[in-house]
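If you want the building blocks of each chain, they are given just below.
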Amino acid sequence: MILVWLIAVPCIGALLAGISPRGRELRCRGVTIAAFAINLALTLALWIMHPAVLRLAGGGAWFAEFDRAWIPSLGIRFHLALDGLSLVLIALTNFLGLMAAAASWRDITEKVRFFHVNLLWMAAAVIGVFLAVDLFLFYSFWELMLVPLYFLIGIWGHEQRLYAAFKFFIFTQASSLLMLLSLLGLYFIHGRATGVYTFDYGALMGTALSPGTGMWLMLGFFVAFVIKLAAVPLHNWLPDAHTQAPTAGSVILAGLVLKVGAYGLIRFAVPLFPAASAQFAPVAMGMGVASILYGAILAFAQTDIKRLVAYTSVSHMGFVLLGVYAGSTVALQGAVMVMLAHGISTSALFILVGALSERIGTREMGRMGGLWAAAPRMSGSLLVFALASLGLPGFGNFVGEFLVLLGVFRMSAPLAAVAAVSLITAAIYSLWMFQRACHGPNSEGWVIPDLSGIEAAIMAGMISVTVWLGIYPGAVLNVTREALESLRPDITSAVSSKR
Amino acid sequence: MVRGDFFILLPLIITGGAAVAVMLLISFRRSHLATATVTLVALGAAVISVICVAAAAPRQASALLILDSYALFYMGLIFAAGCAVTMIAYDYFERQTDHREEFYLLLLLATLGSAVLVSSNHFASLFLGLEILSVSLYALIAFHRERLPSVEAGVRYLILAAASSAFLLFGMALIYLERGDMTFFRSTQIASGVPAWSPLLLAGTALLIVGIGFKLALVPFHMWTPDIYEGAPPPATAFIASVSKGAAFVLLLRYVTLFGLHSGSVQSAAIAAIAVASMFFGNLLALREEKVRRVLAYSSIAHMGYLLVAILAAGPLAAVAAGYYLVAYFTSIIGSFGIISVREGREGGGDAVSDYRGYAWRHPWLGGAFTAMLLSLAGIPITAGFVGKFYLLAAGLESSLRLLVVVLVASSAIGLFYYLRIIITLYGPPEAERQGAAITPAVSLAGGVALTALTFLLIWFGAYPAPLLRLIQAMVGG
Amino acid sequence: MITVPIEHVILMAAILFSLGLTGVLARRNVLFILLSIEVMLNAAGIAFVAAGARWAQADGQIMFLFILTMAAAEVAVGLAIILQYYRHTGTLDVDAMGGGRR
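Residues numbered from 1 in each chain as written. Chains lettered and ligands numbered in written order. Predicted model: local features only at pLDDT ≥ 70, side-chain atom pairs only at ≥ 80, totals over all residues.

**Some thoughts on the overall build of chain B**
Phase 1 of the analysis: When helices and strands are counted, chain B shows 20 helices and 2 strands.
Phase 2 of the analysis: Against the globule reference of 23 Å for 478 residues, chain B gives a C-alpha radius of gyration of 21 Å, in line with a compact fold.
Phase 3 of the analysis: Along the first, second and third principal axes, the C-alpha atoms of chain B reach 75 × 55 × 40 Å.
Phase 4 of the analysis: A total of 478 residues make up chain B; the buried ones form 65% of that total.
Phase 5 of the analysis: Excluding contacts between residues fewer than 6 apart, the proportion of contacts in chain B whose partners are at least 24 apart in sequence is 80%. (Helix = DSSP H or I, 4+ residues; strand = E, 2+ residues; numbered from the N terminus. Rg over C-alpha atoms; globule rule 2.2 N^0.38 Å. Buried ≥ 20, exposed ≤ 12 C-beta atoms within 10 Å, placed from the backbone. Contact = placed C-beta atoms within 7 Å.)

Given below as structure tokens:
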């Protein structure tokens, strides 16, 4: 039942925020923050209690489960389940939701109620995606996620918001429809083979597929997930959407939407189609490496600071893709670690960049410079997250990328070597960005207020989490190990590792 | 005709009687409220009577009508839709001045015609139902006789519907000539020794499909749909888009099911081609339209194309899929035109997409409802439209109609463009001179109740479809 | 009594129907379009009568009566609408309609 509450709390929050009276923005913000805080507390309680109390008897890696009939005539159930992987990602969702709500305190001053409704709605849908283990339910949440995001970008975004929102929606929706086809295909193949028509994840996992069919169905899922993950060459929507979105929208996009794609790969695309995935792994890893390098190069070529951060996401998510298909638990754990660390560091960068460009009225790096003296706390935070994102030891990003490279190295040394090049390019673009913005002469004579109390609190929270991830990664690795071991693709023998 | 026949025909008798009553009422005393109330009560009673007579179904009432659970389900749907349209029409015509009571008379007659159509089992009753529906629609469409677009739309519909009736009649005559019987069941049976498909029968079926195709506005019979949608009063458009098309579709589904459409035959290939063309052209042509009603007109062409997939699928899921999709489509399209009608009644002005800019900020509930309707038409989850589309896809895949399913998916992706464009315009920054317009109440009681109910149903059918699915399965699945 | 072969009757009906259809497509005057539709309807009526004769049933002729009645109703409503159209535009040309004839 607690799983239902995880989804219900943001929904109730959205309702309360929506009906709060006109002109009482403070109440609306308060409700939103309270909803995320409650949810975060619930998640952390689950995290702390999981080893002792929550293990289901014979439930595999699930910590908690909720299963009710929903549309019985098609074998669709309202089936939620939580394992370590879902748990850490839900914790990330609530944390980033909290941060996004706080960061929009100054950023969003118009249509405040509707904004918060969308934010909470979005969070509820993302949590639903992380919990659903009925494929129909998963698809419903997956689609529900799009609408509020479309509003967030399209209403509160920057100058080209409509174009960006359109592009984002069409890209993702078209790919989701492919997934829907694959999903139905799998449903019918499983039903015809066994006589049991069901969308249940556990049941569909062992479906026997001919190689050709398996590949086509897998590709349907893969494309949908990889578009969300924004791997090259399907990353096209990302720079526009990230750049045009308001700060909170960018936080959600970078922190959650990209993760949802990665989660889909880990949870569904690979375990449901082990053979096809094994066959496809080289291509996927190639795409991963291409994303890493291409993202880094394009990031370096940007003059718009927000766009630069957007392209670094492409690069970092390449690591995730690489880790997912490397076929070892270590690499998979690394991928999850990158997801968490990148979620926090990139979100923090977006918040900082948003705060900066709001103050000076431009996102062009050419017009920045010398901000260290003007705003030391802001510049300091920017430095911290630039370092985190380039993979300095001591931050979560380092742990993740290191584990991925370790896992990949065992499988293919050249790929690992090429991917490792990015550690250098990441250092270049991160430090370059920092240097352009904060060092050098203050040619335009900026005098800007430093981080406000709320912003400083946000930064303090995010810095402590990312450092904690770097210093004590065991907290995440322990809780996710069991889940990831059962989800690990068996690349070598091309047989489902589960059965 | 025995007593049992009269009992089972109760829904039709109530509607017909109500039409007479309304006519008399108008001639004695012109009262908009009274007329609308009588109409609403009558249609509500018809819905209840459908539930009452369901126990006695199936029953053949004379050679002409068959009242089985299939017919009764769609009859109930049609009457319920009629109720919604009545309430929206009351909201709309309350703001008009002259001659508004006749609208309800025509509405009742058109509803009666649709109900006859879905229960017909004979060419004669098909023809009668269709003509009651069509002739009332001419007048409904041209109802604003002081406005040229409305009258033009009426003329267009007159020509279109009359020509399509001629096609239909000629087709029926040819089939009758070949089969010697005009009841559906026997005219579709293949007698032993007779070749399955003679040229005459083929020609007759083709003409029949052309006639129904005009009614459903399928490509290539879609030419004037946008003009008619644009010109007619919005409540009438809501009726044409939902009930009139729905009834024709239900009829087609029944006829084709009796025929047993074999995959690979000429007929199924022809229907498949029409479906593909409707899906693609409907969605593509909607892209370049600037007016909301025209966009919805083209989108309705595409939706009818989607529904044809259910006809071709013909598997166990297909009938349920068609039923669910029709319910979802009725709810969303009546709701959409309801909001268009409410807005037009109050804000006036044009119907261009840009006229809707900031509407959701002026009237948050109506804007939210419109958003929900459009998302349902686009097929986004937790709206009824998604479950409907999901069922259609499932039905298509079940029968291995891969090409059609892929086209359905691809064209729905195209369709997203124009739905999204309207939605985002609703939330755009309002124009300065419109700021003051929010003072008038957003909607009257009747319209508000109808739209709230429709939005509620839309979400309910999308979030918890099991009860409705059970009902549809019991009524049309068996 | 001379019997007419059924094929001839159907052929005539088909020709009439095609003539009517041509009229609908080619004519620009609403009244003439309506007349052409009447021709199509009557063609269908003839086909029904012929079919009824072939099976020695009254059904065909009953359908013809229905068609006659319907045509009358349709013309009554139709002419009223066309009259309104004429009042607005002063012409009966369908090409004069907004947006042209598509």
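Next, the rest of the story.
**Looking at the overall build of chain C**
Phase 1 of the analysis: When helices and strands are tallied, chain C shows 3 helices and 0 strands.
Phase 2 of the analysis: N-terminal to C-terminal, the α/β element order of chain C is α-α-α.
Phase 3 of the analysis: Its C-alpha radius of gyration of 17 Å places chain C more than 25% over the 13 Å reference for a compact globule of 102 residues.
Phase 4 of the analysis: Projecting the C-alpha coordinates of chain C onto the three principal axes gives extents of approximately 55 × 25 × 20 Å.

**Things to note about the nonpolar core**
Phase 1 of the analysis: With 449 residues, the main nonpolar core has Val309(B), Ala321(B), Tyr325(B), Ala44(C) and Ala47(C) as its most contacted residues.
Phase 2 of the analysis: Per-element accounting of this core gives the leading share, 21 residues, to helix α7 (residues 148-179) of chain B.
Phase 3 of the analysis: When residues no more than four places from it in sequence are discounted, the contact partners of Ala321(B) are Ala310(B), Tyr391(B), Leu392(B), Ala394(B) and Ala395(B). (Core = buried A, V, L, I, M, F, W, Y, C linked by C-beta atoms within 7 Å.)

**Let's talk about the packing of helix α12 (residues 274-301) of chain A against helix α13 (residues 305-325) of chain A**
A pair of packed helices is characterised by two quantities: the angle between their axes and the separation of those axes.
Residue and element names in this part refer to chain A.
Phase 1 of the analysis: α13 packs onto α12 with a crossing angle of 160 degrees between their chain directions and a minimal axis gap of 7 Å. One way to sum up the angle between α12 and α13 is to call them roughly antiparallel. The chirality of how α12 crosses α13 is left-handed.
Phase 2 of the analysis: Considering only residue class, the contact of α12 with α13 consists of 18 nonpolar, 6 polar and no charged. (Axes fitted to C-alpha atoms, helices over the stretch in contact; angles between N-to-C directions. Parallel < 35°, antiparallel > 145°, perpendicular 65-115°, else oblique. Left-handed = near helix turned anticlockwise from the far one by under 90°. Nonpolar A, V, L, I, M, F, W, Y, C, P; charged D, E, K, R; others polar.)

**Some points on the interface of chain A and chain B**
Phase 1 of the analysis: With 24 residues of chain A in contact, the opposing surface of chain B contributes 21 residues.
Phase 2 of the analysis: Of all elements in the fold, only β1 (64-71), α5 (135-144), α6 (146-156) and α7 (161-194) of chain A reach the threshold of two or more residues within the side of chain A that touches chain B.
Phase 3 of the analysis: Taken together, the residues of the side of chain A that touches chain B sort by class into 18 nonpolar, 5 polar and 1 charged.

**Comments concerning the confidence of the model for chain B**
Phase 1 of the analysis: Across chain B, the average pLDDT comes to 88, with 93% of residues at or above 70.
Phase 2 of the analysis: No element of chain B has a lower mean pLDDT than helix α8 (residues 184-188) of chain B, at 68, and none a higher one than helix α5 (residues 102-119) of chain B, at 95. (pLDDT = per-residue confidence, 0-100.)

**Focus: the environment of Ile301(B)**
All names here are of chain B.
Phase 1 of the analysis: Looking at the element boundaries, Ile301 is found in helix α13 (residues 292-313).
Phase 2 of the analysis: Expressed as a C-alpha distance, the spacing of Ile301 and Ala463, which sit 162 residues apart in the sequence, is 26 Å.
Phase 3 of the analysis: When residues no more than four places from it in sequence are discounted, the contact partners of Ile301 are Ala217, Leu218, Val219, His222, Thr225, Ser278 and Gly282.

**A few points about unusual backbone geometry**
Phase 1 of the analysis: Each neighbour pair has its own omega, and for Val232(A) with Pro233(A) the value is 5 degrees, a cis peptide bond.
Phase 2 of the analysis: Structurally, the position occupied by Pro233(A) is in the loop between α9 (211-229) and α10 (237-244).
Phase 3 of the analysis: Geometrically, the link from Val219(B) to Pro220(B) is a cis peptide bond, its omega value of 5 degrees lying close to zero.
Phase 4 of the analysis: Here Pro220(B) lies in the loop between α9 (199-216) and α10 (225-231).
Phase 5 of the analysis: A positive phi is found at Ala56(C), a non-glycine position, where the angle reads about 55 degrees.
Phase 6 of the analysis: Among the secondary structure elements, Ala56(C) is positioned in the loop between α2 (30-54) and α3 (59-89).

**Remarks on the pairing of β1(A)**
Consecutive residues of a regular strand have side chains that alternate between opposite faces of the sheet.
All names here are of chain A.
Phase 1 of the analysis: As defined by bridge partners, β1 adjoins strand β2 (residues 76-82) across 7 bridges and the pair is classed as antiparallel. The residue of β2 that forms the bridge with Glu65 is Ala81.
Phase 2 of the analysis: With antiparallel pairing between neighbouring strands as the criterion, β1 and β2 make up a hairpin whose turn holds 4 residues, including Gly75 at a positive phi of roughly 70 degrees. (Pairing = 2+ DSSP bridges.)

**Side note on the interface of chain C and chain B**
Phase 1 of the analysis: Of the residues lining the interface, 35 residues belong to chain C; the matching set on chain B comes to 31 residues.
Phase 2 of the analysis: The element best represented in the side of chain C that touches chain B is α3(C), accounting for 15 residues.
Phase 3 of the analysis: Its residues assigned to classes, the side of chain C that touches chain B comprises 25 nonpolar, 6 polar and 4 charged.

**Brief notes about the packing of helix α3 (residues 84-107) of chain A against helix α11 (residues 247-272) of chain A**
Residue and element names in this part refer to chain A.
Phase 1 of the analysis: Contact geometry of α3 with α11 gives a least axis separation of 8 Å together with a crossing angle of 165 degrees. Classified by the angle their axes make, α3 and α11 are roughly antiparallel. As for the relative orientation of α3 and α11, their crossing is left-handed in sense. Residues Leu85, Leu89, Leu92, Thr93, Leu96, Met99, Ala100, Ala103, Ser104 and Asp107 of α3 lie in contact with α11, whose contacting residues are Thr247, Ala248, Val251, Ile252, Gly255, Leu256, Lys259, Tyr263 and Ile266.

**Some thoughts on the environment of Gly17(B)**
Phase 1 of the analysis: With respect to the helices and strands, Gly17(B) occurs in helix α2 (residues 10-28).
Phase 2 of the analysis: For Gly17(B) and Ala42(B), which are 25 residues apart along the polypeptide, the C-alpha to C-alpha distance reads 8.8 Å.

**A closer look at the confidence of the model for chain C**
Phase 1 of the analysis: Residues with a pLDDT of 70 or more make up 94% of chain C, whose mean pLDDT is 89.
Phase 2 of the analysis: The ipTM, which scores confidence in the relative placement of chains, is 0.94 for this predicted complex, and the corresponding pTM is 0.91.

**Quick word on the environment of Ser242(B)**
Residues and elements named next belong to chain B.
Phase 1 of the analysis: On the secondary structure map, Ser242 appears in helix α11 (residues 234-259).
Phase 2 of the analysis: Of the residues examined, Ser242 has 27 C-beta atoms within 10 Å and is grouped as buried.
Phase 3 of the analysis: Taking C-alpha positions, Ser242 is 15 Å from Ala450, a pair spaced 208 residues apart along the chain.
Phase 4 of the analysis: When sequence neighbours within four positions are dropped, the list of residues in contact with Ser242 reads Ala81, Phe330, Ile333 and Ile334.

**Describing α7(A)**
Each α-helix winds once per 3.6 residues, and so residues spaced three or four apart point in a common direction.
Phase 1 of the analysis: With 34 residues, α7(A) should reach 50 Å at 1.5 Å per residue; the first-to-last C-alpha distance of 48 Å fits that figure.
Phase 2 of the analysis: Residue Gly195(A) follows α7(A) closely and has a positive phi angle near 80 degrees. (Expected span 1.5 Å × (residues − 1).)

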